[in-house]
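Residues per chain, in single letters:
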Amino acid sequence: MNNRRVVITGLGVTTPLGLGIEALWDGLLEKRCAIGPIQQWDPSGLPCQLAAELPDFKLRDYIPKSYRKSIKVMAHDIVIAVVSSYLAVKDSGLTTKCLVDRDEAGDNPVVDSTRLGVNIGAGLICADLVELAGALNTAVDDDGKFSLTQWGNEGMTNLTPLWLLKFLPNMLACHVTIIHDAQAPSNTITCGEASSHLAIGEAFRTIQRGAADVCICGGAETKLHPMAIARHTLWGRLNTEDNATPGQSSQPFGAKRRGMIPSEGGGLVILESLEHAKKRGARIYAELTGFGASSSAKSWNKPDPSGRSLMLAIQKALGDAGTTQGDIDLVNPAGASTPEHDASEIAGWNAAMGETLEETYALTTRGSLGNNGAGTGAIDFAATVMSLDRNTVPVSVNTNNLDEACKFRFAQNDPKDVPIRQAITAAPSLAGGQSAALIIQRFEE
Amino acid sequence: MTRRVVITGMGLVTPLGHDVESVWERLLAGECAPSKTTNFDASAFPTSFSSEVIDFQLSDFLGDKAAGHGDASRSTAFALGAAARAWRHAGLDQDLALDTPRIGVYLGGGEGPLDFDRFAEAAIAGCRNDDGEPTSLDTARWAKRALAVLRANHEQEQEHNCAGGHLAAEFGAEGPNINTLTACAASTQAIGEALHIIRYGDADIMISGGTHSMVHPLGVTGFNRLTALSTRNDSPDTASRPFDRTRNGFVLGEGAGILILEELEHAKTRGAKILAEVVGYGSTADAFRITDIHEDGRGGIAAMKTAIESAGLTTADIDYISAHGTSTEENDKIETLAIRKLFSDCDAPPPTSSIKSMLGHLIAAAGAVELITCVLAIRDNVIPPTANYKNPDPNCNLDYVPNESRKLPVQAALSNSFGFGGQNDTLVVRAFEA
């Protein structure tokens, strides 16, 4: 088995606290909450009217000029991935085709395209409702009912020819491969909130075995779509009671948690073989040392109260990294903020980590950022890497009144400066049963 | 020492039947499944036919346990049916001492079909005022109707990762559980990654393959708008004609193919029958355009080359290629070019056929179904034909095994899957030798 060492050399995040890793980190240190009333469209017909929305930005600032014509075939999930990829590559100091095409390459050599892979977690992308509903509304019979005959004859031509390609989940990765000229393995993992961790874990294995030297990996999604929010409403997962108090609405592991707040965003990180990173003198944030993935065999649509799936993922990751619970200095749980999901997650962490949990610092970003689905894990991963890099644990917003079963030690009031050598981040999917965990370690020769 | 990975079970749910042996017989006989679409009224659509799974009842596969999967989407139900057959084929239903955290799932699973009638009802309600006059979308009005008519479970079951969750629950698989959706390459990629999960040691058994149904109004709409589908409405069963000069698009199909991948020593220890060994996998991106394949076929060449090399084989060792062969102008031409280029060191490229000529294109599930036929080709030393091949195309100049299956010693077979956006995945399977 050819297990090459893999390090993290770039972080690119697109979050409601800001674009770029420093903006996210500053937002977390400043204990900011990005949740507010939905601005992008009228949410008045929906019981949850809060979300964490991205700040304004222009996509053209992140892509080559020659690629602007493709903007019209990008769902917002794709846009988030494309922006994150630029930010990650810039942060890593690598030069890809994107930077060459933007005249930002300088004299740096371009990374070997055949050794550059992509692995991006994606969600069930919702079709643009204005476009699709408007088109469907052209195929209505005299009784006011939708007519497949009218749709087939004429109605469907109201959708642009490339309509389908806007919403295929692999288009996040495909646009990224084209913009950066990444020709090594490209995968798209669609496992809800576990997607980013699974994508980063698979990219880790891809580099370990030598199928690529560098991977752009993570996830991106937006839940800020009427259809996505309607679905989560039907599933009873949203906080519908705190529309007037957005700042306190997302309470991960809280004693009085009332549901999740939808969000948009994502992150892509640069994983690189140690050899490749050293050769180019890259800044190394941390080494990725462990990955574990698992599934609940109980239910695909309800969280398992035992948290066994998450427990197995954490145990596997610890074993893969060759470390133990007691050597972990920081844990990064998810914190979906619904009563059932957090109960399951608490049980999983308690079972996997035992008593060490009470002495280990913890960080959750959900109080600030809500949940965007497939991209949430990558933001958590990036925040965990930053904590390790800076030896600082930001305050986890809205964690001052925790569920009594919860043993997480979140920083309160002020960020805590503590030495962090190893950290674990884990992500259970809200549905589907999948869990994944990753372990990072301060880089030592 | 690399852990070797073998195939110990296979299951199919396809437009030509739901049983591996009978589907294989029909493929060897050149039977073509496509006919008039019945999943919905497609009579006014540019393409009014498809390749549908018929006579499918989940209880035929799971018995009483089917009720526990009552709200499963069509796509998930296909996966459950095919997986149940594969599980039994592998003898795993008899094995009570399984280490469940070491059994995983890796699917190329498509989304469950949209709950279309209800979605359309809400869409129209959102675009009409109180007098029923058309307006632009009023989100609040839409939301009111959507929340009233959409059903929670049906919405949940559309999520990509639900099929994998159903399989984990049905077979007690607590190991890695992953879904990929790299368009038409998904299940080939799933099997390739599952291979590496076992090789690395993260699992001993992987339930892997693909499932998909896009034979629904918006699925057909999407492909019709792309002008990717054949519109030969007067002749559905001859519409899929890969590599033929008169090809004019693919035929949309649905179904599932599931394989049991198992670490060799694990399979031997429990006395499992070994069907073939998975020896090579290559995955690349064209990084070219979202709509077109790179004109030199560079991504496909690189995927095939990596798969063959990683198998420790050379081009001369490949006896059969199961082509992606979609029956689109572009794919068939560039796939041919890629095979020609890569196999230029051989006297001639190996015989190459596309069973999409008979089954249509099962999208995310296509690769897994095609890999199963490669295993059967190795077992029986016979390769399935490319049906509907009548008119040679100067741009497509391989031996496509036209219209008649062919007896031929097959030791190693290569299976290609290429997806929208430039996804290229190739697997190589070989007859098992101890």
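Just so it is clear, the model here is predicted, and its values are computed rather than measured.

Procedures and definitions
- Residues numbered from 1 in each chain as written.
- Chains lettered and ligands numbered in written order.
- Predicted model: local features only at pLDDT ≥ 70, side-chain atom pairs only at ≥ 80, totals over all residues.
- Helix = DSSP H or I, 4+ residues; strand = E, 2+ residues; numbered from the N terminus.
- Rg over C-alpha atoms; globule rule 2.2 N^0.38 Å.
- Buried ≥ 20, exposed ≤ 12 C-beta atoms within 10 Å, placed from the backbone.
- Pairing = 2+ DSSP bridges.
- Domains from an automatic or database assignment.
- Contact = placed C-beta atoms within 7 Å.
- Nonpolar A, V, L, I, M, F, W, Y, C, P; charged D, E, K, R; others polar.
- Axes fitted to C-alpha atoms, helices over the stretch in contact; angles between N-to-C directions.
- Parallel < 35°, antiparallel > 145°, perpendicular 65-115°, else oblique.
- Left-handed = near helix turned anticlockwise from the far one by under 90°.
- pLDDT = per-residue confidence, 0-100.
- Core = buried A, V, L, I, M, F, W, Y, C linked by C-beta atoms within 7 Å.
- Expected span 1.5 Å × (residues − 1).
- Arc of directions from axis to C-beta.

Student: Honestly, the overall build of chain A in this entry has me stumped. Any pointers?
Tutor: Within chain A, the secondary structure is distributed over 13 helices and 16 strands. On C-alpha atoms alone, chain A measures out to a radius of gyration of 21 Å, which is about the 22 Å that the 2.2 N^0.38 rule sets for 445 residues. With respect to the three principal axes, the spread of C-alpha positions in chain A is 70 × 55 × 40 Å. Across the 445 residues in chain A, those meeting the buried criterion constitute 67%.

Student: Help me understand the overall build of chain B in this model?
Tutor: Helix and strand counts for chain B come out as 14 helices and 14 strands. For chain B, the C-alpha radius of gyration of 21 Å lies close to 22 Å, the compact-globule estimate for 434 residues. Every one of the 434 residues in chain B was classed for burial, and the buried ones make up 66%.

Student: Just checking my understanding: could you explain unusual backbone geometry for this structure?
Tutor: Trans is the prevailing form of peptide bonds, just as negative phi is the prevailing case for residues other than glycine. All names here are of chain A. For Lys31, which is not a glycine, the phi torsion comes out positive at approximately 60°. In this structure, Lys31 sits in the loop between helix H1 (21–29) and strand S3 (35–37). The class of Lys31 is partly exposed, set by 17 C-beta atoms lying within 10 Å. Here the phi dihedral of Asn413 falls at roughly 65°; this positive angle occurs in a residue that is not glycine. By the element assignment, Asn413 lies in the loop between strand S13 (409–410) and strand S14 (416–417).

Student: How should I be thinking about the sheet that holds strand S8 (residues 276–285) of chain B in this particular structure?
Tutor: Across a sheet, strands are paired by hydrogen bonds formed along the backbone, either parallel or antiparallel in direction. All names here are of chain B. Spatial strand order, S5-S4-S6-S7-S1-S8-S14-S13-S9-S10: 10 strands in an open sheet with mixed pairing. If you trace the sheet from one side to the other, it starts and ends with strand S5 (177–179) and strand S10 (352–353), each paired once. Pairing of strand S6 (residues 205–213) with strand S7 (residues 254–263) involves 9 bridges; the strand directions are antiparallel. Paired with Gly209 across the strands is Ile258, a residue of S7.

Student: Mind showing me how you'd approach the domain arrangement of chain A here?
Tutor: A common measure of how large an interface is: the accessible area buried when the components associate. For chain A, the assigned domains read domain 1 (6–126 + 167–441) and domain 2 (129–163). Between the C-alpha centres of domain 1 of chain A and domain 2 of chain A the distance comes to 37 Å.

Student: Even after reading the chapter, I still don't get the domain arrangement of chain B, so can you show me in this structure?
Tutor: Structurally, chain B comprises domain 1 (5–113 + 158–430) and domain 2 (116–150). Distance from the C-alpha centre of domain 1 of chain B to the C-alpha centre of domain 2 of chain B: 39 Å.

Student: In this structure, what is going on with the interface of chain B and chain A? I would like to understand it.
Tutor: Counting residues at the interface gives 80 residues for chain B and 76 residues for chain A. A breakdown of the residues in the side of chain B that touches chain A according to their chemical character gives 37 nonpolar, 32 polar and 11 charged.

Student: Would you explain the packing of helix H4 (residues 116–126) of chain B against helix H5 (residues 139–149) of chain B in this entry?
Tutor: For any two helices packed against each other, the geometry is given by the interaxial angle and the distance between the axes. Residues and elements named next belong to chain B. Axis separation between H4 and H5 bottoms out at 7 Å; the angle between their running directions is 155°. In terms of orientation, H4 lies roughly antiparallel with respect to H5. In this structure, H4 meets H5 at a crossing whose hand is right-handed. Where H4 abuts H5, its residues Arg118, Glu121, Ala122, Ala123, Ala125 and Gly126 lie against Thr139, Arg141, Trp142, Arg145, Ala146 and Val149. Within the contact of H4 with H5, the residues separate by chemical class into 6 nonpolar, 2 polar and 4 charged.

Student: Looking at this model, I keep getting lost on the confidence of the model for chain B. Mind explaining?
Tutor: Low pLDDT marks regions whose predicted coordinates should not be analysed in detail. Confidence along chain B averages 97 in pLDDT terms, with 100% of residues attaining 70 or more. Both confidence scores are given for the complex: pTM 0.98, ipTM 0.98.

Student: Hey, could you run me through the nonpolar core in this one?
Tutor: Nonpolar side chains in soluble globular proteins tend to end up buried together. Grouped together as the largest cluster of nonpolar side chains are 309 residues, with contacts concentrated most on A:Val269 and A:Ala382. In contact with A:Val269, not counting residues within four places along its chain, are A:Ile8, A:Gly10, A:Leu11, A:Gly12, A:Ala88, A:Ile200, A:Cys217, A:Gly218, A:Ala378, A:Phe381 and A:Ala382.

Student: Quick question: what am I supposed to make of the environment of A:Thr245 here?
Tutor: All names here are of chain A. By the element assignment, Thr245 lies in the loop between helix H8 (226–234) and strand S8 (264–273). Given 10 C-beta atoms within 10 Å, Thr245 falls into the exposed group. Linking Thr245 and Leu310, residues 65 residues apart in sequence, is a C-alpha distance of 31 Å.

Student: Looking at this model, I keep getting lost on helix H13 (residues 376–390) of chain A. Mind explaining?
Tutor: For an α-helix the count is 3.6 residues per turn, leaving residues at separations of three or four pointing the same way. Residue and element names in this part refer to chain A. Relative to the 21 Å expected for 15 residues at 1.5 Å per residue, H13 spans 21 Å between its end C-alpha atoms, a close match to the ideal helical length. Extensive coverage of H13 is indicated by the burial of 14 of its 15 residues. Among the residues trailing H13, Asn391 stands out with phi positive, at a value near 55°.

Student: Which parts of the structure should I look at to understand the packing of helix H7 (residues 195–208) of chain A against H13(A)?
Tutor: Residue and element names in this part refer to chain A. Between H7 and H13, the shortest axis-to-axis distance is 6 Å and the interhelical angle comes to 65°. Side by side, H7 and H13 meet where Ser195, Ser196, His197 and Ile200 of the first sit next to Thr376, Gly377, Ala378 and Phe381 of the second. Class assignment for the residues of the contact of H7 with H13 results in 3 nonpolar, 5 polar and no charged.

Student: What exactly am I supposed to notice about the pairing of strand S14 (residues 423–430) of chain B here?
Tutor: All names here are of chain B. Of all 8 residues in S14, 8 are buried, a share of seventy percent or more. What you see with S14 is no split at all: Gln423, Asp425, Leu427 and Val429 on one side and Asn424, Thr426, Val428 and Arg430 on the other are buried throughout. Alignment of S8 against S14, held across 8 bridges, turns out to be antiparallel. Within S14, the residue paired with Thr284 across the bridge is Asn424. Strand direction decides the pairing type here: strand S13 (residues 412–419) and S14, joined by 8 bridges, are antiparallel. What sits directly across from Ser417, in S14, is Asp425. Counting the residues that bridge the hairpin from S13 to S14 gives 3 residues, and of these Gly421 lies at a positive phi of roughly 95°.

Student: Sorry if this is basic, but what is going on with the environment of B:Ala169 here?
Tutor: Within the element layout of this structure, B:Ala169 appears in helix H7 (residues 162–171). Along the sequence, B:Ala169 and B:Met214 sit 45 residues apart, while their C-alpha atoms lie 25 Å from each other. Beyond its immediate chain neighbours, meaning those up to four positions away, B:Ala169 contacts A:Ala297, A:Lys298, A:Ser299 and A:Trp300.

Student: Where do I start with helix H4 (residues 129–136) of chain A in this structure?
Tutor: If you check which residues of H4(A) are buried, you get A:Leu129, A:Leu132, A:Ala133, A:Ala135 and A:Leu136. For H4(A), the buried positions fall inside an angular range of 160° around the axis, keeping them on one side. Those residues of H4(A) hidden inside the fold are in contact with H8 of chain A together with H4 and H5 of chain B.

Student: For this particular structure, what's the right way to read the pairing of S7(B)?
Tutor: Strand residues, when the strand is regular, have side chains that alternate between the two faces of the sheet. Residue and element names in this part refer to chain B. Of all 10 residues that make up S7, 10 are buried, and the element is covered over most of its length. The alternating pattern of S7 places Glu254, Ala256, Ile258, Ile260 and Glu262 and Gly255, Gly257, Leu259, Leu261 and Glu263 on opposite faces, both of which are buried. One ladder, built from 8 bridges, connects strand S1 (residues 5–13) with S7; its direction is antiparallel. Along S7, the bridge assignment pairs Gly9 with Ile260.

Student: How should I be thinking about the environment of A:Gly123 in this particular structure?
Tutor: Residue and element names in this part refer to chain A. Tracing the backbone shows Gly123 in the loop between strand S5 (116–121) and H4. When the C-alpha positions of Gly123 and Gly373 are compared, they lie 6.9 Å apart, and in sequence the two are 250 residues distant. For Gly123, the contacting residues outside a window of four places in its chain are Asp77, Thr190, Glu221, Gly373 and Ala374.

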